[in-house]
Amino acid sequence: WLYTAHGELYRYAGGKMTYKPLDPGFQLFADAAGCVWVAANNGVASISPAPGTGIPEIGEAFGLPMAGKIDFILASRQGGYWRLADGLVQKWTTNRLEREGFSYPWKSNTRVTAACEDPQGNLIIGTQGEGLFWFDSEGKATSLSTNTGLSYNYILSLCVDREGSLWVGTDGGGLNRITRQAFEVLEESRGLVVQSTCADDQGGLWIGFNTIGPDAFEVGWWKDGLLHRFGAGQGLSNSSVRAVLA
């Protein structure tokens, strides 16, 4: 499939080149259902597969509700596609709006240059000048830029590998690798000796410590972000707990 800047759509198959005139555009992709999608300057259209064959035919295209300005479209691995237009990020399936849109977190005159999905199907957007934006399932975006360690704010390409790392190709700042933090310290335990841990059926975690001093405690129960402490005041007489079991 070839789609030119002049609005000419070509398909080469079986040794033959087929041609269909369309409006000028800038993007072309196929979704999981086999439909070919075209992002033209005046909207998005899909070319349906030929009945009974699953082979896309250059024929009648059905248009979707018009958008004033299409900035980007991206096929979703979960079906449908993402459409960035008129300052909104939306999820579409054929000609049906699947998710209500959420507003761009970047400036209106900032160009969108790349996009991909993370392993959970969340959208990642690269821009020209504002770095990248990583959306969660609720549509809230985390901004990653030179302010947070990115080498350059002009993004040209994005790719998530099989380990979940995000590779970011920049326009002059090299290739960046972004990984989620794998480890963190439970702040309430920082600097303490942890000798045993055990999960319980309430979703909590029992922790056996070895502590000294006037504020010493022997056992902790951590749940929902809170650490409940048990020590001499609750009847424990030894500051070193080697084993806990729920």
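Residues numbered from 1 in each chain as written. Predicted model: local features only at pLDDT ≥ 70, side-chain atom pairs only at ≥ 80, totals over all residues. Heavy atoms only, no water.

## Brief notes about the environment of Gly149
With respect to the helices and strands, the residue Gly149 is situated in the loop between β15 (141-144) and β16 (155-160). Sequence-wise, Gly149 and Asn176 are 27 residues apart; in three dimensions their C-alpha atoms are separated by 9.6 Å. (Helix = DSSP H or I, 4+ residues; strand = E, 2+ residues; numbered from the N terminus.)

## Details of the sheet that holds β16
With antiparallel pairing, three strands are arranged side by side in an open sheet as β16-β17-β18. For this open sheet the edge positions go to β16 and β18 (175-178), each flanked by a neighbour on one side alone. When strand polarity is set aside, the average angle formed by the axes of neighbouring strands in this sheet is 20 degrees. Inspection of the sheet shows β16 paired to strand β17 (residues 166-170) by five bridges, in the antiparallel sense. Along β17, the bridge assignment pairs Leu158 with Val168. (Pairing = 2+ DSSP bridges. Axes fitted to C-alpha atoms, helices over the stretch in contact; angles between N-to-C directions.)

## Brief notes about the sheet that holds strand β10 (residues 88-93)
Two modes of strand pairing occur in sheets, parallel and antiparallel, and in both the strands are linked by backbone hydrogen bonds. Taken together, four strands build an open sheet; the order of strands is β8-β9-β10-β11 and the sheet is antiparallel. Across the chains shown, the open sheet's two edge strands, defined by having one partner strand only, are β8 (70-75) and β11 (96-103). Between one strand axis and the next, the sheet turns through 20 degrees on average, direction left out of account. Relative to β10, strand β9 (residues 81-85) runs antiparallel, the two sharing five bridges. Across the sheet, Ala85 pairs through a bridge with Leu88, a residue of β10.

## With respect to the nonpolar core
Of all hydrophobic cores here, the largest spans 14 residues; its most connected members are Leu84, Val89, Trp106, Leu123, Ile125 and Phe135. Mapped by element, the contributors of at least two residues to this core are β8, β9, β12 (112-117), β13 (123-127) and β14 (132-135). With residues up to four places along the chain from it excluded, the contact list for Leu84 reads Lys69, Ile70, Asp71, Phe72, Val89, Tyr104, Trp106, Val112, Leu123 and Ile125. (Core = buried A, V, L, I, M, F, W, Y, C linked by side-chain atoms within 4.5 Å. Buried < 20%, exposed > 50% of the residue type's maximum accessible area, 1.4 Å probe, protein only. Contact = heavy atoms within 4.5 Å.)

## Here we look at the pattern of salt bridges
Under the counting rule described, the total for this entry stands at six salt bridges. Two residues, Glu98 and Lys91, come together in a salt bridge whose shortest N-O distance is 3.7 Å. Glu98 gets classed as partly exposed once you look at its relative accessible area, which sits at 37%. Owing to a relative accessible area of 4%, Lys91 belongs among the buried residues under this scheme. (Salt bridge = Lys/Arg side-chain N within 4 Å of Asp/Glu carboxyl O.)

## Structural notes on the side chain of Thr110
Within the secondary structure, Thr110 is located in the loop between β11 and β12. Polar side-chain contacts of Thr110 include one of 2.5 Å to the side chain of Glu130. Residues in contact with Thr110, not counting those within four places in the same chain, are Thr127, Gln128 and Glu130. (Polar contact = N/O pair within 3.5 Å; in protein donor to acceptor, adjacent residues only side chain to side chain.)

## Remarks on the state of the cysteines
Note: disulfide means a covalent bond formed between the sulfur atoms of two cysteine side chains. For the coordinates displayed, the defined rule picks out zero disulfides. Here Cys159 stays unpaired: no disulfide links it, and the sulfur of Cys116, its closest cysteine neighbor, is 7.0 Å away. (Disulfide = S-S within 2.5 Å.)

## Overview of the environment of Asn176
Positionally, Asn176 belongs in strand β18. Accessibility expressed as a relative area gives 11% for Asn176, which makes it buried. A polar atom in the side chain of Asn176 sits 2.8 Å from the side chain of Ser151.

## Thoughts on a nonpolar patch on the surface
A cluster of nonpolar side chains, Leu2, Tyr12 and Met17, forms an exposed patch at the surface whose accessible area comes to about 360 Å². As for its placement among the helices and strands, Met17 is situated in strand β3 (residues 16-21). Take Met17: its relative accessible area is 48%, and that puts it in the partly exposed class. (Patch = residues over 30% accessible without salt bridge, like charges linked within 9 Å, V, L, I, M, F, W, Y side chains within 5 Å. Areas by Shrake-Rupley, 256 points an atom, 1.4 Å probe, with all protein chains shown as cover.)

## A short note on the packing of aromatic side chains
Evaluation of the coordinates by the stated rule reveals nine aromatic pairs. An angle of 40 degrees between the planes, with centres 4.7 Å apart, marks the rings of Trp37 and Tyr81 as tilted. You can see Trp37 sitting in strand β5 (residues 36-40) and its partner Tyr81 sitting in strand β9, a full 44 residues away along the chain. Each member of the pair, Trp37 as well as Tyr81, carries the same accessibility label: buried. (Phe/Tyr/Trp six-rings, centres within 6.5 Å; stacked < 30°, edge-to-face > 60°.)

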